Amino acid sequence: MRKTLLNTMGLLLALFGATNASAQSTVELPYSITFDSANSVWTNIDASGNSGTPWFFNADWGSDGFCPPGSWSAIPSYCMKTSVSGANAYYVSPAFDLKKDKTYTVKVNTGRMYFTKAQLSLEYGKSATDASAFTTVSDIQMAETNVQYDNSYDVNVTEDGAYYFAFHGVGKFASSSNEYVYAFSFDIAEKTGGETPDPGTDPDQPDPPAVDQEGTLPYDMTFDSAEKFATWTTMDNSDVPGVTWAYTASDFAGKPAAHMGTDATSATCDWLVSPKFELKEGKSYKITVDAASGPNNELNLILDYFVGSKSADNQKTIERIGSKLPKTEGETEGEGGKVKNEWILDANKDDVYFFAFRALNWGANGTNDAVSIYSVKIEEMAEGKPEAPVALPYEVSFEKEESVSGWTAMDRSASTASTWSWNSWGYQEYGADWNPVGDQHPCVGFSSDFNTDANDYWVSPAFALEAGKTYVAKAHTANNRSCVESGTTSFTMKLGTNRKVQGSFDKTLGTIELSTVYDRDPSTFEFSVQESGNYYVAFHISDKTGANAYGYIFDFSLAEKEGGEPEVPVATEAATGFAAAELTAEKSVALTWTNPAKDVDGKDLPADALLTVKVYEGEEVVKVFEDQAPGSEGKHVQAYTDETFAGEHNYKVVVVYKDKESEAATTSITVKGVVDAINGVMVPADAKVSVDTLSGVAVGNNLSTLGKGTYIVRVKTADGAVKTMKIAK
């Protein structure tokens, strides 16, 4: 009843509350609204540049209304559906009269669907139509989909006035399908009472944002005091924020600990987050934990980490530890095993990392749920002995799980939710009608990360390769039809020197054909190395859309090419059609030619061959063109000054392919100092020329640039002889 009355009051006040035409209509506080029906009091600002108003009332499950798990009816709400690229929309409240010397509490109930990455935030400003006038109160964190989240925020303003609040939704995908955020209710009231501010702080100003503490390695933390616990932070992601991680001087075992207890009001998804650490790609870090659970505990503990920033949308998992702590290896019901309290993280890039313990319970916690963490150690691991290379020839079939021994997955996606792994179900071919064809084939497979760019490597054991030898790598592979049809998937074979560092795989051996056919000729790549050493071969799959990267690897082999001698590079034919043309007005010479399409043996160059073309004047290189395609047209314009344009110019073009130079194609051109098309007088290149009008005014040394008329041209040759001509144009 209270919310209905307040909704009605808000509507009436917003429509009729202002009698002064120069003043804004404001709604009386406290104010509360539930968005369970369409209203015209709240308004839209579409800041995306696209037409339409993305926030709309939605009560229909069939139109992607908000539907909790297990329910087949939607909860009425206002929704921002980011069905267009670059969604950026505000759902704006009526105005409220706020005072700078007061604190206001704003409560919101929100949700999201489809694992959306769209960011929802609460903002306030002094305009209902200008998006740039809004200031962020807080991003609204929603860890799970299909869950309603209650959040509360204290707001202070810097000056008295009428203020609007807004739910601000921003789409995160280039193609924003399946991004939905929902607003269920909004409440605002003046805050009364509260805690006494800390000495030295200004009670009229909001608390400054928390600054993440810097951690140094090796790191050793024992949670035996509240001060030590305060160096970590908490993220309460329960359905209804309430109980979260806290310091206790005496837990169920009578020990001081970082403790997560019963949260009987809602499902639990709370993090205890470490200080931030600077980690390096290719390095391994050991996390050692002393922890325990209370009797009959059903609260699960998960070891996560965040890269760059701590956010529920940025969570990556190291391991699900379980509900019984310490977790034991090989543990079954009623049977113990070796205690496990150490985990290894291979850093996937140079960045800031946070380690986090997540307490997870899908339902409201029972009275016995309790987890304590007593200490945490984090240290960089020593490099250890170099990996022993595998002998060649090498051949492996991925039909059985044990065959993947020695191979590793290197995930460099934005999300590490999925990567290469052995798949017992394997690959199933489908015909044109999507009916299964043939048998299933166990293999190593990759299923595309959902809504993130795939960037994953399946990395071989080390091989000792020698400079001067040629090697042949072969593999049978297959793909999902969506890979072939979308054209967004890249599937290549690469060579690298460090199985943990993406940047070391800087040589692409070749592109693997995207095909849905299981039994076909293998992809075959010949290659050599410039320096002898240990190398790794990797299958690399990537996809720009994050939806279509599916790969299946059935086998792999690597051997030295029979004959043992590397292929001797062969030069190309010379460029053809090399010609020079004078550009008189520009004082330039235009050179044109056609790059070769065959080598000197008459064989076609590969279509993806990259040629380097050098242009010479005399013996001096004046231009170099890189990455030219076979058979392409070449052009270069050589510019000169008045003093250097006249005379004879000799040019040549040389084509370089695999460090071999072609024969030179040559051409030349002679540029006259004075263009005389009347009496046929030839002017030597080393002569000095001057041109005057009939009245004796000097007008330069190039008749071709002058207008129509009669001129006196004097030519002084190198032997001192002077010839004077009267020439009409």
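See the structure above.
Residues numbered from 1 in each chain as written. Predicted model: local features only at pLDDT ≥ 70, side-chain atom pairs only at ≥ 80, totals over all residues. Heavy atoms only, no water.

(A) A look at the overall build of the protein chain. Scanning the protein chain from terminus to terminus reveals four helices and 51 strands. In the protein chain, buried positions account for 44% of the 729 residues. Contacts spanning at least 24 positions in sequence make up 72% of the contacts within the protein chain whose residues lie at least 6 apart. Working note: accessible area of the protein chain is about 36,400 Å², and carbon and sulfur atoms make up 49% of it. (Helix = DSSP H or I, 4+ residues; strand = E, 2+ residues; numbered from the N terminus. Buried < 20%, exposed > 50% of the residue type's maximum accessible area, 1.4 Å probe, protein only. Contact = heavy atoms within 4.5 Å. Areas by Shrake-Rupley, 256 points an atom, 1.4 Å probe, with all protein chains shown as cover.)

(B) Spotlight on the sheet that holds strand S33 (residues 471-475). Strand order across the open sheet formed by four strands is S27-S40-S33-S37, with antiparallel pairing between neighbours. Strands at the two margins of the open sheet, each flanked by one partner only, are strand S27 (394-397) and strand S37 (523-527). On average, each strand axis in the sheet is inclined to that of its neighbour by 10°, with strand direction left out of account. Examined bridge by bridge, S33 and strand S40 (residues 555-560) share four bridges and lie antiparallel to one another. Bridge pairing in S40 places Ala-473 opposite Leu-558. (Pairing = 2+ DSSP bridges. Axes fitted to C-alpha atoms, helices over the stretch in contact; angles between N-to-C directions.)

(C) Structural view of the sheet that holds strand S25 (residues 351-361). The strand order S15-S18-S25-S20-S21 describes an open sheet built from five strands, whose pairing is antiparallel. The two strands at the open ends of the sheet, each matched to only one other strand, are strand S15 (233-235) and strand S21 (315-322). Taken pair by pair, the neighbouring strands of this sheet meet at an average axis angle of 25°, ignoring direction. Here six bridges tie strand S20 (residues 300-307) to S21, and the two strands are oriented antiparallel to one another. In the sheet register, Tyr-305 faces S21, and the bridge partner there is Lys-316.

(D) Main features of the pairing of strand S38 (residues 533-543). Extensive coverage of S38 is indicated by the burial of nine of its eleven residues. For strand S31 (residues 454-459) and S38, the ladder comprises six bridges, and the chain directions are antiparallel. When the sheet's bridge partners are listed, Tyr-457 is paired in S38 with His-540. Here three bridges tie strand S32 (residues 463-465) to S38, and the two strands are oriented antiparallel to one another. Counterpart to Phe-463 in the pairing with S38 is Tyr-535. With eight bridges joining them, strand S35 (residues 489-496) and S38 adopt antiparallel strand pairing. Opposite Thr-492, over in S38, you have His-540 as the bridge partner.

(E) Broad picture of unusual backbone geometry. Residue Pro-30 is reached from Leu-29 by a cis peptide bond, and omega for that bond is 0°. With phi around 50°, Lys-587 is a residue other than glycine that occupies positive phi space. The backbone phi angle of Lys-658 is positive, close to 50°, even though this residue is not glycine. Following the sequence through the fold, Lys-658 ends up in the loop between strand S46 (647-657) and strand S47 (660-661).

(F) Expanded view of the nonpolar core. Grouped together as the largest cluster of nonpolar side chains are 47 residues, with contacts concentrated most on Trp-55, Phe-165, Phe-167 and Phe-186. If near-sequence neighbours (up to four positions away) are discounted, Trp-55 is found in contact with Asn-44, Tyr-78, Cys-79, Met-80, Ala-89, Tyr-90, Tyr-91, Leu-120, Phe-167, Gly-169, Val-181 and Ala-183. Ranked by size, the runner-up nonpolar core spans 34 residues in total, among them Trp-232, Met-260, Ile-318 and Ile-321. (Core = buried A, V, L, I, M, F, W, Y, C linked by side-chain atoms within 4.5 Å.)

(G) A look at the pairing of S31. The buried fraction of S31 amounts to six of the six residues, a majority that puts the element mostly inside the structure. Note: strand S28 (residues 408-411) against S31, four bridges, orientation antiparallel. Its bridge partner being in S31, Ala-409 is matched across the sheet by Trp-458.

(H) Broad picture of the pattern of salt bridges. Under the defined criterion, the tally for this structure stands at 23 salt bridges. The partner of Lys-286 in a salt bridge is Glu-342, and the shortest N-O contact between them spans 3.9 Å. Remark: Glu-342 occurs in strand S24 (residues 342-346) and Lys-286 occurs in strand S19 (residues 284-293); sequence separation between them is 56 residues. In this structure, the salt-bridge partner of Asp-692 is Arg-714, at a minimum N-O distance of 2.9 Å. Of this pair, Asp-692 sits in strand S49 (residues 688-693) while Arg-714 sits in strand S50 (residues 710-716); the two residues are 22 residues apart in sequence, bridging distant segments of the chain. (Salt bridge = Lys/Arg side-chain N within 4 Å of Asp/Glu carboxyl O.)

(I) Layout of the environment of Gly-700. With respect to the helices and strands, Gly-700 occurs in the loop between S49 and S50. Contact partners of Gly-700, with chain neighbours within four places excluded, come to Val-689, Ser-690 and Val-691.

(J) Structural detail: the side chain of Asn-58. On the secondary structure map, Asn-58 appears in strand S4 (residues 55-58). For Asn-58, a relative accessible area of 3% gives the class buried. Among the polar contacts made by the side chain of Asn-58, one reaches the main-chain amide nitrogen of Asp-60 at a distance of 3.0 Å. (Polar contact = N/O pair within 3.5 Å; in protein donor to acceptor, adjacent residues only side chain to side chain.)

(K) View of the packing of aromatic side chains. Per the stated rule, a full pass over the model turns up 51 aromatic pairs. Between Phe-35 and Trp-42, the ring centres sit 5.0 Å apart and the planes meet at 85°, which makes this aromatic pair edge-to-face. Plain terms: the ring middles of Tyr-471 and Phe-527 are 6.0 Å apart, the flat faces sit at 35° to each other, and that makes the pair tilted. Separated by 56 residues along the polypeptide, Tyr-471 in strand S33 and Phe-527 in strand S37 bring together distant segments of the chain. Exposure remark for Tyr-471: the relative accessible area of 2% places this residue in the buried category. Phe-527 gets classed as buried once you look at its relative accessible area, which sits at 6%. The ring of Tyr-374 is capped by Lys-255, whose NZ or CZ atom sits 3.8 Å from the centre of that ring. (Phe/Tyr/Trp six-rings, centres within 6.5 Å; stacked < 30°, edge-to-face > 60°. Lys NZ or Arg CZ within 6 Å of the ring centre and 35° of its normal.)

(L) Focus on the environment of Lys-598. Here Lys-598 shows up in the loop between strand S42 (588-594) and strand S43 (611-617). When the C-alpha positions of Lys-598 and Glu-573 are compared, they lie 6.0 Å apart, and in sequence the two are 25 residues distant. Leaving out residues up to four positions away in the same chain, Lys-598 has contacts with Thr-572, Glu-573, Lys-603, Asp-604 and Leu-605. A distance of 2.5 Å separates polar atoms of two side chains, one belonging to Lys-598 and the other to Asp-604.

Worth remembering: the numbers are spatial, not functional.
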